Amino acid sequence: MRPEPVSRRGGPAKAPLSRRAIVEATTELAREDGLAAVSLRRVATRLETGPASLYAYFENREQLLAHVLDDAYARVDLVDGDRRTWRDALAATVVNTVDALQELPGLGSVALGSVPVLPGALRLADHELGLMEVGGVPAPRAALAVDLLAQFAAATAVERGDPSSTALRPVDVRSAYESADAERFPRVVRAAAALTGPDAAARRDFALATIIGGLTRR
C-alpha cells in the first residue's frame, strides 16, 4: 500500500483530504445509490475536489472499493468462544459478516470477486482461525474453511442484499414445484413444501451448521 499522502487543501472551508475521508464519502454514496453508481468522479464531486486528487490515494476504482470492503470487514462484531462454544461463536461471526456486507448494496459482489489482504479482513480471518484452533480443527482444514466461510458470507449477502432482485417469491416457487410433471419430477413435487418453506435465516443457519459441523469430522 502506498503511504498516506499529505493533503494540501486544509482550511476552514474543507476538511483535509485523506484515505479515510475518501472511503467514508464512497460509503455514503454507495448507501444512497449502490456501489454500481460509484465512480472516482462522483466521489471527488462529493468531496469538492477533482478526480486527479483521488489518484494520490487510490490507483483506481477497484482499489477504492477494496478499501470500502475492508472497512466493512473491520466493523464485523467478532464473537468469542471456548472449546465448548467455538462452533456457535464461529457461526455468529459469519452471520455478523453477512450483516456487515449487506449494509451496502453490491458489496457482497465486491467480496466475491476479491482476495482480501487488508487489515480488516486479516482481523476477521485471524479471529476465525483462532476459534477453529480452540476447537481442535487441523490447521490445513481451518485455512480452507476461512476461504469457504468468506465465500459463503459474500454469496449470502449477494442473494439477500439486492433490492432490485427479480427472483420469484417462495409462494410462486412452491406453486411451480407443485404443478410440475409428477411423472418426471416426483420427488420435487412431493417435497415442494419442504423445498420452499424455510426462510432465509433458516437456510443460512442450516448451511453454517453443515459447514462448521464438518470441520472436525474425519
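Anything mentioned here points back to the structure above.
Note that residues are indexed from 1 along each chain, following the sequence as it is written. With pLDDT at 70 or above as the cut-off, local features in this predicted model cover only qualifying residues; side-chain atom pairs require 80 or more to be listed or tallied, and sums for whole chains, interfaces and linings still use all residues. Think of the side-chain values as coming from all heavy atoms in the structure, minus any hydrogens and water.

1. Comments concerning the overall build of the protein chain
Thought 1: Numbering of helices and strands runs from the N terminus, with a helix taken as a DSSP run of H or I at least four residues long and a strand as a DSSP run of E at least two residues long. From N to C terminus, the protein chain includes 12 helices and zero strands.
Thought 2: For the protein chain, the succession of helices and strands along the chain, N to C, is α-α-α-α-α-α-α-α-α-α-α-α.
Thought 3: Taken over 218 residues, the protein chain has a buried fraction of 34%.
Thought 4: Contacts are assigned to residue pairs that have any heavy atoms within 4.5 Å of one another. Contacts spanning at least 24 positions in sequence make up 67% of the contacts within the protein chain whose residues lie at least 6 apart. Each residue is assigned to one of three classes by its accessible area relative to the maximum for its type, calculated with a 1.4 Å probe on protein chains only: buried under 20%, partly exposed between the two thresholds, exposed over 50%.

2. What about helix 4 (residues 61-74)?
Thought 1: By this rule the span expected of a helix is its residue count minus one, scaled by 1.5 Å. Counted at 1.5 Å a residue, the expected span for helix 4 with its 14 residues is 20 Å, and the 20 Å between its end C-alpha atoms agrees.
Thought 2: Regarding helix 4, the residues found buried are Leu64, Leu65, His67, Val68, Leu69, Asp70, Asp71, Ala72 and Tyr73.
Thought 3: Buried residues along helix 4 sit against helix 1 (19-33), helix 2 (40-46), helix 5 (86-102), helix 6 (107-112) and helix 7 (119-134).
Thought 4: Its side-chain oxygen 3.2 Å from the backbone nitrogen of Glu62, Asn60 forms the N-cap of helix 4. Under the rule applied, a polar contact is a pair of N or O atoms within 3.5 Å (in protein, one hydrogen donor and one hydrogen acceptor; residues adjacent in sequence only if both atoms are side-chain atoms).

3. What to know about the packing of helix 5 against helix 7
Thought 1: Every axis corresponds to a line fitted to the C-alpha atoms, with the helix fit spanning only the stretch in contact, and the corresponding angles, defined between N-to-C directions, vary from 0 to 180 degrees. Helix 7 packs onto helix 5 with a crossing angle of 160° between their chain directions and a minimal axis gap of 9 Å. The pairing of helix 5 with helix 7 is recorded here as roughly antiparallel in orientation. In the packing of helix 5 onto helix 7, the handedness of the crossing is left-handed. From helix 5, Trp86, Ala89, Leu90, Thr93, Val94 and Thr97 reach across to helix 7, where they touch Leu124, His127, Glu128, Leu131 and Met132.
Thought 2: Class assignment of the residues belonging to the contact of helix 5 with helix 7 gives a composition of seven nonpolar, three polar and one charged. When describing relative orientation, an angle under 35 degrees is termed roughly parallel and one over 145 degrees roughly antiparallel, while 65 to 115 degrees is termed roughly perpendicular and anything else oblique. A clockwise turn of the near helix away from the far one marks a right-handed crossing, whereas an anticlockwise turn of less than a right angle marks a left-handed crossing. Ten residues, namely Ala, Val, Leu, Ile, Met, Phe, Trp, Tyr, Cys and Pro, are considered nonpolar, four, namely Asp, Glu, Lys and Arg, are considered charged, and the remaining ones, Gly among them, are considered polar.

4. Describing a nonpolar patch on the surface
Thought 1: Residues with no salt bridge and a relative accessible area higher than 30% make up the patches, which join like charges within 9 Å and nonpolar side chains (Val, Leu, Ile, Met, Phe, Trp, Tyr) within 5 Å. In this description, accessible areas are obtained by the Shrake-Rupley approach with a 1.4 Å probe, and a residue is regarded as covered only by the protein chains that are shown. By definition, a salt bridge exists where a carboxyl oxygen of Asp or Glu is found within 4 Å of a side-chain nitrogen of Lys or Arg. A surface patch of nonpolar side chains, about 290 Å² in accessible area, is lined by Tyr177, Phe185, Val188 and Leu195.
Thought 2: Looking at the secondary structure, you find Leu195 in helix 11 (residues 192-196).

5. Points about the nonpolar core
Burial of nonpolar side chains together is a common tendency in soluble globular proteins.
Thought 1: Counting 53 residues, the largest nonpolar core has Ile22, Val43, Leu101, Leu107 and Met132 as its most contacted members.
Thought 2: Elements that contribute at least two residues to this core include exactly helix 1, helix 2, helix 4, helix 5, helix 6, helix 7, helix 8 (139-161) and helix 12 (200-213).
Thought 3: Broken down by element, this core gets its largest block of residues, nine residues, from helix 5.
Thought 4: In this view, Met132 contacts Trp86, Leu90, Val137, Ala142, Ala145, Val146 and Leu215; residues no more than four positions away in its chain are not counted. Think of a nonpolar core as a cluster: buried Ala, Val, Leu, Ile, Met, Phe, Trp, Tyr and Cys residues, connected wherever their side-chain atoms sit within 4.5 Å.

6. A few points about the environment of Ala180
Thought 1: Mapped onto the fold, Ala180 is located in the loop between helix 9 (170-178) and helix 10 (186-190).
Thought 2: Each C-alpha atom of the pair Ala180 and Ala192 lies 9.8 Å from the other, and the pair is 12 residues apart in sequence.

7. A short note on the environment of Ala37
Thought 1: By secondary structure assignment, the location of Ala37 is in the loop between helix 1 and helix 2.
Thought 2: Distance from Ala37 to Gly106, taken between C-alpha atoms, is 10.0 Å for residues 69 residues apart in sequence.

8. Here we look at the pattern of salt bridges
Side-chain pairing between opposite charges can occur once the charged atoms of the two side chains come close.
Thought 1: One pass over the structure, following the stated rule, counts 10 salt bridges.
Thought 2: Between Asp71 and Arg20 there is a salt bridge, and its shortest N-O distance comes to 2.6 Å. With Asp71 in helix 4 and Arg20 in helix 1, this pair connects stretches of sequence that are 51 residues apart.
Thought 3: Judged by its relative accessible area of 43%, Arg20 falls in the partly exposed class.
Thought 4: With its nearest N and O atoms 2.8 Å apart, the salt bridge here joins Arg174 to Glu178. Linking Arg174 with Glu178, this pair stays in helix 9, spanning four residues, or about one helical turn.

9. A look at the environment of Leu47
Thought 1: If you trace the backbone, Leu47 turns up in the loop between helix 2 and helix 3 (51-54).
Thought 2: Residue classification places Leu47 among the buried positions, given a relative accessible area of 12%.
Thought 3: Considered as a pair, Leu47 and Ile22 are 25 residues apart in the sequence and their alpha carbons are 7.6 Å apart.

10. Concerning the packing of helix 4 against helix 7
Thought 1: Contact geometry for helix 4 and helix 7: axes closest at 7 Å, N-to-C directions at 40°. It follows that helix 4 is oblique to helix 7 by the angle criterion. When the axes of helix 4 and helix 7 are compared, the crossing they make is left-handed. Along its contact with helix 4, which presents Asp70, Tyr73 and Ala74, the element helix 7 presents Pro119, Gly120, Ala121, Arg123 and Leu124.

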